[in-house]
Amino acid sequence: MNMILREVWESLKRRKWFSVLIAIQITALFFIGTLLFLTHTRIESKSDRLQPLDELTLYQLSDGLVPDSKLQAFLEQPDSLDQLKTLYQNLEAQFEERYIYLFNQMIEVKLGDDQKWDPFFHGYEQGAPIERLKKRSYKPMKAVQINEHGFTRFSIPLSKGAGFSSEDFHYNGNTIPVLLGAKYEPFYNVGDEITAKYIQKDLTLIVQGFIQPDTFVFNYNHPELYLDRYIVMPALQFDKIPQTEADELFQKRHYLQLINGTIFSDEEPYVVRRDLEQVKKVSDFSDMQIMGANSDTLNFMFSAIQVNKNLLKIMAGSLFLVCILSISILMITKFQDNYRNMAIHLASGATLNQLFSYFLAEIFFMVGLPGLVVTLLYRQVIEVSFGMYTLMNTMLFAVIVLISALPLYLQFRKLEISSLLKRSE
Amino acid sequence: MITLKDLRKSYEVGERQVDVLNGLDLEIKQGDMLAIMGRSGSGKSTLLNILAGLDTADSGVYQYKQVYISEMNGNQRAQFRKKHIGFIVQNFALIDSKNVFENIALPLRYSKLSRGEIRDRVDRVLADLRITELQSKAVDTLSGGEMQRVAIARALIQNPDLILADEPTGALDEQTEAEILDIFAKLNQQGKTLVVVTHDQVVADYCQQIYYMQEGKVAPITS
């Protein structure tokens, strides 16, 4: 063993820059492997989360209460709130988990004038007048309202706290539970209260949990809505009769939003339309239509995922080939460079097997050390799916060692000792 | 000590087969010092490699004392080499990345000796060849004569019965050549058997017997 270590160390020192070049090459390969692993993990998780939605068409519902005068007339009807509530309940009953309400309506939150909140402002990316908005005591923050079916269907993963229960979707008269995007995590804790206004109604929000980074949802209008800077609210249902006119107006406006949801269905369009007609009929609400059927959003996402997967495979395969080829070439060059010393070892009593073991040990060392360093770095910095990552690196290690050692082994097999001695002349 | 009978060895050169050894017979007695001369490509080095157990003949018998080397496999021949052979390769053949001490100690590293034993043996050989002061030097700082002394020290470190030398003075000046040949003569006086492959008549004249190699066979010139 000592002899092997001694020879490996000397061989590494003898062609220092050559060894460094190989080590860099292998480290690069492990880093690329890490990037591919992370990308793959992300794509796979996205693909897994979207799998239940594969082959669905999105039917966006829209109330027909336009122009404003028509809307105003409807809101002034004494039974309009009951009508809206009935319609919403019937939509949920008819379409069940296929009816998803996901709407990004901003919520105003009472916050200090701190620059850190800027990216959380509603419209930040679209160039909202941040400086002017900051002067307000209630800042308009990005928020998403989601119904219970939506919450279940998108299976929003949490890093802390608890998700919404069925009761959370019914307003208790005091507080509203919310989930905060991952970027909120440094600023709030589970259980914190947030003073807010939603559709001009004063509310207290309770932080119930934090969403994992890079979580996204989507609807008819937003193919990918990342929740990192969003406040996620349950799409509330109000079981009690409103006590004031303002309350009633608030509920009416709120339910008007809830009925403009999306039906995710794999059924034929005429079936969806027939079912909707039935809901309209039993709810006595005729101003409702399907704005459009859109399978492109999901198709686009699935084909994008497929393209990403294929691209990833091609990239991984090409990079792997290039790296393996260059490592093999470098090792063979090193082997040929060592002909003279091999002859001296043989004349000193070594066997070819011993000489091969030196090369093998060197390959083990040169592949193993960068692999170990990259794996430990990953554990320190990233740590995502560490078990799988370690398994992948172990396999990568084994494959590189095998592929690098194979040409050497073949060279050794056809090697004639006399040729070594001739080369030493 | 050594009996070679009807040794045959050929190489493929392109599509042509070249017979390097063609029924070679040779007897070497314990304590002999013999030179093998011949033109380049006549098979001298091949013969030396076979004697060292580094190469094998295609057919024929190689007997060392009571042992048939020609029937051994690679590992057995490595053991034989380690135990009985001291090989001085052309152009000194020292490993640049090792210092003098490590170059000399190399054969001992394959013998599972303790550090102390290795140190003792190397010290003894260094003293015998009067190169103790060189032990920690890098080999690329040595003169040709010093390098050859180190190569001889490495060949002697296992205290072999048989010393094989391939053109041992080819790269040396006359004075250094004479010093090296003196060392060989002393070793022979101590009972070592030496087989020296050379082109140099001066070297051959130091030996008790000179063989000439031609057409894959050896024949004595003087005795």
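Residues numbered from 1 in each chain as written. Chains lettered and ligands numbered in written order. Predicted model: local features only at pLDDT ≥ 70, side-chain atom pairs only at ≥ 80, totals over all residues.

**Considering the interface of chain A and chain B**
Then, in step 1: The partner chain B presents 23 residues to the 20 residues of chain A that form the contact.
Then, in step 2: If you list the elements that add at least two residues to the side of chain A that touches chain B, you get α1 (2–14), α10 (339–347) and α13 (417–424) of chain A.
Then, in step 3: It is α10(A) that provides the largest number of residues to the side of chain A that touches chain B, a total of six residues. (Contact = placed C-beta atoms within 7 Å. Helix = DSSP H or I, 4+ residues; strand = E, 2+ residues; numbered from the N terminus.)

**Some points on the pairing of strand β10 (residues 201–211) of chain A**
All names here are of chain A.
Then, in step 1: Where strand β7 (residues 158–161) meets β10, three bridges bridge the pair, whose relative direction is antiparallel. Paired with K160 across the strands is F210, a residue of β10.
Then, in step 2: The sheet contact formed by strand β8 (residues 175–180) and β10 spans six bridges and is parallel. Residue pairing across strands places T175 opposite T204, the latter belonging to β10.
Then, in step 3: With six bridges connecting them, strand β9 (residues 193–198) and β10 associate as antiparallel partners. In the sheet register, K197 faces β10, and the bridge partner there is D202.
Then, in step 4: Linkage of β9 to β10, two consecutive antiparallel strands, is achieved through a turn of two residues, within which I199 is found at a positive phi near 45°. (Pairing = 2+ DSSP bridges.)

**As for the packing of helix α4 (residues 80–95) of chain A against helix α8 (residues 269–283) of chain A**
All names here are of chain A.
Then, in step 1: It is the contact of α4 with α8, at a shortest axis distance of 9 Å, that shows an interaxial angle of 145°. Note that α4 runs across α8; the crossing there is right-handed. Along the contact surface, α4 presents Q83, T86, L87, N90, L91, Q94 and F95, while α8 presents D275, Q278, V279, V282 and S283.
Then, in step 2: Of the residues that constitute the contact of α4 with α8, the class distribution is five nonpolar, six polar and one charged. (Axes fitted to C-alpha atoms, helices over the stretch in contact; angles between N-to-C directions. Left-handed = near helix turned anticlockwise from the far one by under 90°. Nonpolar A, V, L, I, M, F, W, Y, C, P; charged D, E, K, R; others polar.)

**Remarks on the sheet that holds strand β2 (residues 16–28) of chain B**
Residues and elements named next belong to chain B.
Then, in step 1: Spatially, β2-β1-β4-β5 is the arrangement adopted by the four strands of the open sheet, whose pairing is antiparallel. Pairing within the sheet leaves two strands with one partner each, and these edge strands are β2 and β5 (67–68).
Then, in step 2: As defined by bridge partners, strand β1 (residues 2–13) adjoins strand β4 (residues 59–64) across five bridges and the pair is classed as antiparallel. Bridge pairing links R8 to S59 in β4.
Then, in step 3: Helix α1 (residues 44–52) contacts β1, β2 and β4 of the sheet and is inclined by roughly 55° relative to β2.

**Concerning α8(A)**
Then, in step 1: For α8(A), spanning 15 residues, the distance from its first C-alpha to its last is 21 Å, which sits close to the expected 21 Å at 1.5 Å a residue.
Then, in step 2: Immediately beyond the C-terminal end of α8(A), within one or two residues, lies A:D284, with a positive phi of roughly 55°. (Expected span 1.5 Å × (residues − 1).)

**So, unusual backbone geometry**
Residues and elements named next belong to chain A.
Then, in step 1: Backbone geometry places E96, a non-glycine residue, at a positive phi of 45°.
Then, in step 2: Structurally, E96 is set in the loop between α4 and β2 (99–100).
Then, in step 3: In this model, D214 sits at a positive phi of 65°, which is unusual for a non-glycine residue.
Then, in step 4: Tracing the backbone through its elements, the reader meets D214 in the loop between β10 and β11 (216–217).
Then, in step 5: Classification of D214 by C-beta neighbours within 10 Å gives partly exposed; the count is 13. (Buried ≥ 20, exposed ≤ 12 C-beta atoms within 10 Å, placed from the backbone.)

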